[in-house]
Protein chains: 2
Amino acid sequence: MKHLHFSDTHIKGGFWKYYSDMVRNVTAKAVYDRFWETGRFDAFRCDWEEGMKNRPHRFWDSDVAKWIEGIAYLSEIKREPEFEKIADETIELIEKNQYENGYFNSYYIRIEPDNIFKNRDGHELYTTGHLIEAAIAYDKATGKDKLLKCMIKNVDHIYKVFVEDKSAAFNTPGHQEIELALLKLYDYTKYEKALSLAQYFIENRGKFENDKVSHNDQTMIPLRELKEVDGHCVRAGYLFAAMAKLANLTHDEKLFKVCDNLFNDITEKKMSITGGIGYHRFKNFAEAFSYAYDLPNLNAYNETCASIALALFAHEMLEAKIDSKYADIIELINFNGFISGVSLSGDEFFYSNPLEIDLKKHYRDREFQGPSQRVKVFDCSCCPPNVVRMLSSIQRFMYSQDENVVYCHQFADSETKLNIKGINAVLIQKTDYPYSGKIDFTVKGADIKLKIRIPYWCTEFEGTKENGYITVDLKKGESFTLNLPMNIHFIEANPNVQDNSGRYALMRGPVVYCMEGIDNGENLRDITILENGESEIIKDEYFPAPVILIDGERRENVNSLYKIKDNKRIKIKAKFIPYLGYENRGDTDMIIWTQVK
Amino acid sequence: MKHLHFSDTHIKGGFWKYYSDMVRNVTAKAVYDRFWETGRFDAFRCDWEEGMKNRPHRFWDSDVAKWIEGIAYLSEIKREPEFEKIADETIELIEKNQYENGYFNSYYIRIEPDNIFKNRDGHELYTTGHLIEAAIAYDKATGKDKLLKCMIKNVDHIYKVFVEDKSAAFNTPGHQEIELALLKLYDYTKYEKALSLAQYFIENRGKFENDKVSHNDQTMIPLRELKEVDGHCVRAGYLFAAMAKLANLTHDEKLFKVCDNLFNDITEKKMSITGGIGYHRFKNFAEAFSYAYDLPNLNAYNETCASIALALFAHEMLEAKIDSKYADIIELINFNGFISGVSLSGDEFFYSNPLEIDLKKHYRDREFQGPSQRVKVFDCSCCPPNVVRMLSSIQRFMYSQDENVVYCHQFADSETKLNIKGINAVLIQKTDYPYSGKIDFTVKGADIKLKIRIPYWCTEFEGTKENGYITVDLKKGESFTLNLPMNIHFIEANPNVQDNSGRYALMRGPVVYCMEGIDNGENLRDITILENGESEIIKDEYFPAPVILIDGERRENVNSLYKIKDNKRIKIKAKFIPYLGYENRGDTDMIIWTQVK
């Protein structure tokens, strides 16, 4: 069973068309512009000198790599000559400046050549990982293999340094990612050394005393002994995705079980309702998982990259084993904690995605920057190009295939090319999901057995679920209509999530909702939603998903600081917007977890 | 109208007898022992040398001064020869080591003689203030005037340096307190220079550019222009108490109005329900007021000294103007946020008094020290001796008198000596308050007009309130019984207090209640109290105020992190203890603000 390649599916309309058009028309260029301005492309010249502006940074290569990967995906669907020209020039520079021995990192080559592979926190293997992924994507999309050759040469060098000579000052990556890239490289080229190197990094992580620098990077115990997730959540997600992919490639059920336990630990104990992960400030453990059920709202970290990494992890798990729990998390992330990281205009980005904003507290604690100020490029600008590569290939999450069995994991108005035992076929989804839950499937050209995920939030459906999927036999030319009831649900968190006790989140389908001050006034925490009140689903062109009006109440303003409880309330219509569109209309309060009665 | 001196009232039983006995039998000695061990008494020898243990600290003098003040109050009721001996020896050392010019601070004399009055943050005027208060108390209690003479000489010196020569590196105290002490000195001795110096410090604060070091100490604008409280809450409280006393002494209604506005700003916008004030961590503004209605529970600061300072402020306001709002706040503080700062055993102390403890978060954020570990003496040990001087004179808050009119502000089982137009009389209160709200007043020896405060929490009473007091004419030998209904009240905070939206505090009479994990299990935030459930008031000898059992409910434990809301609940009996006794039984979760339905 393999996932279908994203380019087999064309998004035709609806929610994901909005974002697919946006990444092609706005986001890719916006990220390029900011990267160009800040010297990230120039850094590949390796000619920066003291006194010049835009001093290179050790992980800038990865920013550009993710951008190249993203525009490769765009080009694979429809060529983008201008973007390719930029990529070609950059790749020329990589080829030109790559060391004879295969080493490449534009920062270390120019700024710290004496410190190559001496600093475990140097991010060199991380940047290489992203360059490998860019190389694969660019080769596949354009047929241009120059970067791929460079990176294979680079892999040979890394293999020699780490596996054969053990001449680096450390043994395993300080910032993981290369493991996943190497396995993709193996998948794409069958180059055995890539597989071996990935295995080396995964199997040896946590075994070398000198690698155990902090709890923050999953090096305290061997990975196969991990029972709980801990440490930096982005690094964890990339690493676990690689472990899952390795388990799948090598049919290693024990390793898969380790991964499954880690997946459950995240999604059942350490994940925001938006699919975000990580706590903001935790002493030395910044950007890290906290203890089980510690999910504060104002201080949620939920880096956009962390949601992406978790989606990639889930995606690898899903390829190894059909279970709707993996696809459910992907859907949750894609409609909420990932997509919230880019503005509706497509050119501004969030690094972290909190679950609540109280402007007064925000300004007290952070002083200068407003919460709506999605910065165009931040110093640590991993998220914007990550958004580019994910949005440009969002179809990757939709389908898997095993001969004539086609698994539909995600819903989007789209057409997908299938090859059913040598016969070309097309599978069409017509839907305005998540506005409605009506999805029409039509197959042309061949008979298929269609397995459709019934989302975890769906309480009514026809058919029998197996691993979370219902089965429909579709003869060529036939259609099937799935009707997912799009009710408003109030969601409660586990009683151990003390921050949300007595509070509920509003969801409709896969979309998490929030209230903003701009619509609902001050003191959002004081609003109570009436469970049996009236509600209205509204199409608001500003947002790519519906807005909800619902009956609620709040207390009157009073002067007294404390008084005896009374039950006087003012009736209100509370306006909920999809979380993915939060903080797009200027600085304002925001809340997800609300009172319900 | 003057407050009665504390020594005119003898506590005979009940709640305050518990604490009055405790301070005499345990607390005074415990604080002395810790201060002796840590070198605080030895520091007065002014002979510490590099390499010796217990390096003196610039504000240690104030710790010992408050202790001397406290044991003087104990001696005034019943002589304490052993404590007096210690005080006498210390006073000898002060006299011996005081500079010829009158200067005294044991730290600066020994450690930094070249920096006397050079550092505004040096706390020299603050320590002098407390030594002045100790001198007054010790003279009044024992007739020994040596310290008083030393301190008058010291005041002369400070007057010369600050008012006449202006030779210090700053103009007004970095840490306020001396203002109040000087006014008390004037009150006690009628020494005009003390009044002038207090006026100088108060009137010039906020006027000198070089004094404006931070927002933390009320120096940004002249005090008469202050409209909101800001900055360090202990310093603010002491300063405002002095301003109120000055307004009263000089019949300055404008200054009184300034004070009244500040009092209202604190008590109507910036005070915890326990009477605590101050936010824990606010960048450079530690231990300071936050913005209006920002009253977080886990991070409440609520230093014991801050509650004391606010009570002193209220007490000065009350002497200037009869208004029950001042006495209400004193009662709230005395039964809650002040008294919580000392353990029920009397020998351990809290510096800060949070409104909620979540052990998991506590250990994550603070790592080492458990929340129940009231430390015996902390480095900055201002609170323990402050507890000694307040508990040993707690009667000070009870009565004021204006000829034959006697105002009863506070309730305690007690006998009070009165002088009614030259005739000796006795006013007796018999009560087990706050167990019940029944208070029997009997007067002997004279006729009085008794004015009794009806507490703000009392919704039913007989008579007509004037400024919050009812009037009873009591002929000699007559009795009057006040019956305050002791109902359980659920208190709501202003809707702007976002941290408490949807939550309520349980109070009964003046006592704020809390739930602890040791009684109620994990996840206290998940408990909902039933407003119309049954409740039981229980006498538990462990606590000096009643314990309450009340019907409640909580959710069942489940495995899922998120699920659709249901209304299944488990019935429970929730146990509430008086907040004053929180965290006395080992590390445990604690909560005040709870769900109610």
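Everything quoted here is computed from the prediction, not taken from an experiment. (Residues numbered from 1 in each chain as written. Chains lettered and ligands numbered in written order. Predicted model: local features only at pLDDT ≥ 70, side-chain atom pairs only at ≥ 80, totals over all residues.)

Focus on the overall build of chain A
At step 1: A tally of helices and strands in chain A yields 15 helices and 21 strands.
At step 2: Computed over its C-alpha atoms, the radius of gyration of chain A comes to 24 Å, within 12% of the 25 Å expected for a compact globule of 597 residues.
At step 3: Structurally, chain A occupies a C-alpha span of about 75 × 65 × 45 Å along its principal axes.
At step 4: By the burial criterion, 54% of the 597 residues in chain A qualify as buried.
At step 5: Within chain A, contacts between residues at least 6 apart in sequence are counted, and of these 69% link residues at least 24 apart. (Helix = DSSP H or I, 4+ residues; strand = E, 2+ residues; numbered from the N terminus. Rg over C-alpha atoms; globule rule 2.2 N^0.38 Å. Buried ≥ 20, exposed ≤ 12 C-beta atoms within 10 Å, placed from the backbone. Contact = placed C-beta atoms within 7 Å.)

Brief notes about the interface of chain B and chain A
At step 1: Tallying the contact residues gives 39 residues for chain B and 39 residues for chain A.
At step 2: Considering each element in turn, the side of chain B that touches chain A owes the most residues, 5 residues, to strand β12 (residues 488–493) of chain B.
At step 3: When its residues are assigned to classes, the side of chain B that touches chain A shows 14 nonpolar, 13 polar and 12 charged. (Nonpolar A, V, L, I, M, F, W, Y, C, P; charged D, E, K, R; others polar.)

Observations regarding helix α8 (residues 192–204) of chain B
Residue and element names in this part refer to chain B.
At step 1: A rise of 1.5 Å per residue sets the reference length of α8, with its 13 residues, at 18 Å; its end C-alpha atoms lie 18 Å apart and thus fit the reference within 8%.
At step 2: Considered for burial, the residues of α8 that qualify are Ala194, Leu197, Ala198, Phe201 and Ile202. Looking down the long axis of α8, one finds its buried residues gathered within 130° of arc, a one-sided arrangement.
At step 3: For α8, the secondary structure elements touched by its buried residues are α6 (146–164), α7 (178–189) and α9 (233–249).
At step 4: Note on α8: the residue one or two positions beyond its end, glycine 206, has a positive phi of about 85°. (Expected span 1.5 Å × (residues − 1). Arc of directions from axis to C-beta.)

Examining the sheet that holds strand β7 (residues 423–431) of chain B
Residue and element names in this part refer to chain B.
At step 1: An order of β2-β6-β7-β8-β11 is seen for the 5 strands of this open sheet, with the pairing classed as antiparallel. The open sheet has two edge strands, β2 (9–13) and β11 (479–483), and neither has a second partner. On average, each strand axis in the sheet is tilted by 20° relative to the strand beside it, whichever way the strands run.
At step 2: Relative to strand β8 (residues 438–444), β7 runs antiparallel, the two sharing 6 bridges. Each bridged residue has a counterpart across the sheet, and for isoleucine 428 the counterpart in β8 is threonine 442.
At step 3: Relative to the sheet, helix α1 (residues 15–37) contacts β2 and β6 (413–420), its axis offset from that of β2 by approximately 110°. (Pairing = 2+ DSSP bridges. Axes fitted to C-alpha atoms, helices over the stretch in contact; angles between N-to-C directions.)

Examining the packing of helix α3 (residues 81–97) of chain B against α6 of chain B
Residues and elements named next belong to chain B.
At step 1: Interhelical geometry of α3 versus α6 gives an angle of 30° and a closest axis separation of 9 Å. Taken together, α3 and α6 sit at an angle that is classed as roughly parallel. Read as a crossing pair, α3 and α6 show a hand that is left-handed. Of the residues in α6, those in contact with Ile91, Ile94 and Glu95 of α3 are Lys146, Leu147 and Cys150.
At step 2: Class assignment for the residues of the contact of α3 with α6 results in 4 nonpolar, no polar and 2 charged. (Parallel < 35°, antiparallel > 145°, perpendicular 65-115°, else oblique. Left-handed = near helix turned anticlockwise from the far one by under 90°.)

Section: helix α9 (residues 233–249) of chain A
Residues and elements named next belong to chain A.
At step 1: Its 17 residues place the ends of α9 24 Å apart at the C-alpha level, agreeing with the 24 Å of an ideal helix rising 1.5 Å per residue.
At step 2: The buried fraction of α9 is high, at 16 of 17 residues.
At step 3: Following α9 by one or two positions, histidine 251 has its phi on the positive side, about 50°.

Examining the environment of serine 196 of chain B
At step 1: Residue position: serine 196 of chain B is located in helix α8.
At step 2: Put simply, serine 196 of chain B and serine 62 of chain B are 134 residues apart on the chain and 23 Å apart in space, counted from C-alpha to C-alpha.

Some words on the relation of the copies chain B and chain A
At step 1: By a simple turn and slide, chain B fits onto chain A: the slide is 0.0 Å along the axis, the RMSD is 0.0 Å, and the turn is 180°. Between the two chains, the operation in question is that of a two-fold axis. Taking C-alpha positions as the reference, the residue of chain B nearest the rotation axis is glycine 502 of chain B, at 3.9 Å.
At step 2: In this assembly, 100% of the residues forming the interface of chain B have copies in chain A that are likewise at the interface, indicating an isologous arrangement. (Least-squares fit on C-alpha atoms with pLDDT ≥ 70 in both.)

Here we look at the sheet that holds strand β9 (residues 448–453) of chain B
Residues and elements named next belong to chain B.
At step 1: Read across the open sheet, the 5 strands follow the order β1-β4-β5-β9-β10; overall the sheet is mixed. Only two strands of the sheet have a single neighbouring strand rather than two, namely β1 (2–3) and β10 (469–474).
At step 2: With 4 bridges connecting them, strand β4 (residues 399–402) and strand β5 (residues 405–408) associate as antiparallel partners. In the sheet register, glutamine 401 faces β5, and the bridge partner there is valine 406.

Looking at the packing of helix α5 (residues 124–142) of chain B against α7 of chain B
Residues and elements named next belong to chain B.
At step 1: At a minimum axis separation of 8 Å, α5 and α7 run at an interaxial angle of 30°. Judged by the inter-axis angle, α5 sits roughly parallel to α7. Seen along the crossing, α5 lies across α7 with a hand that is left-handed. Of the residues in α7, those touching α5 at Leu125, Tyr126, Thr128, Gly129, His130, Ile132, Glu133 and Ile136 are Ile178, Leu180, Ala181, Leu182, Lys184, Leu185 and Tyr188.

Description of unusual backbone geometry
All names here are of chain A.
At step 1: Proline 434 follows tyrosine 433 through a cis peptide bond whose omega is 5°.
At step 2: Secondary-structure assignment places proline 434 in the loop between β7 (423–431) and β8 (438–444).
At step 3: In this structure, glutamate 583 is a non-glycine residue whose phi angle is positive, near 55°.
At step 4: For glutamate 583, the position within the fold is in the loop between β19 (570–578) and β20 (590–591).

Overview of the domain arrangement of chain A
Residue and element names in this part refer to chain A.
At step 1: When its domains are assigned, chain A resolves into domain 1 (38–207), domain 2 (400–483) and domain 3 (488–596).
At step 2: Once you take the C-alpha centre of each, domain 2 and domain 3 turn out to be 35 Å apart.
At step 3: With 5 residues of domain 2 at the interface, the matching set in domain 3 holds 7 residues. (Domains from an automatic or database assignment.)

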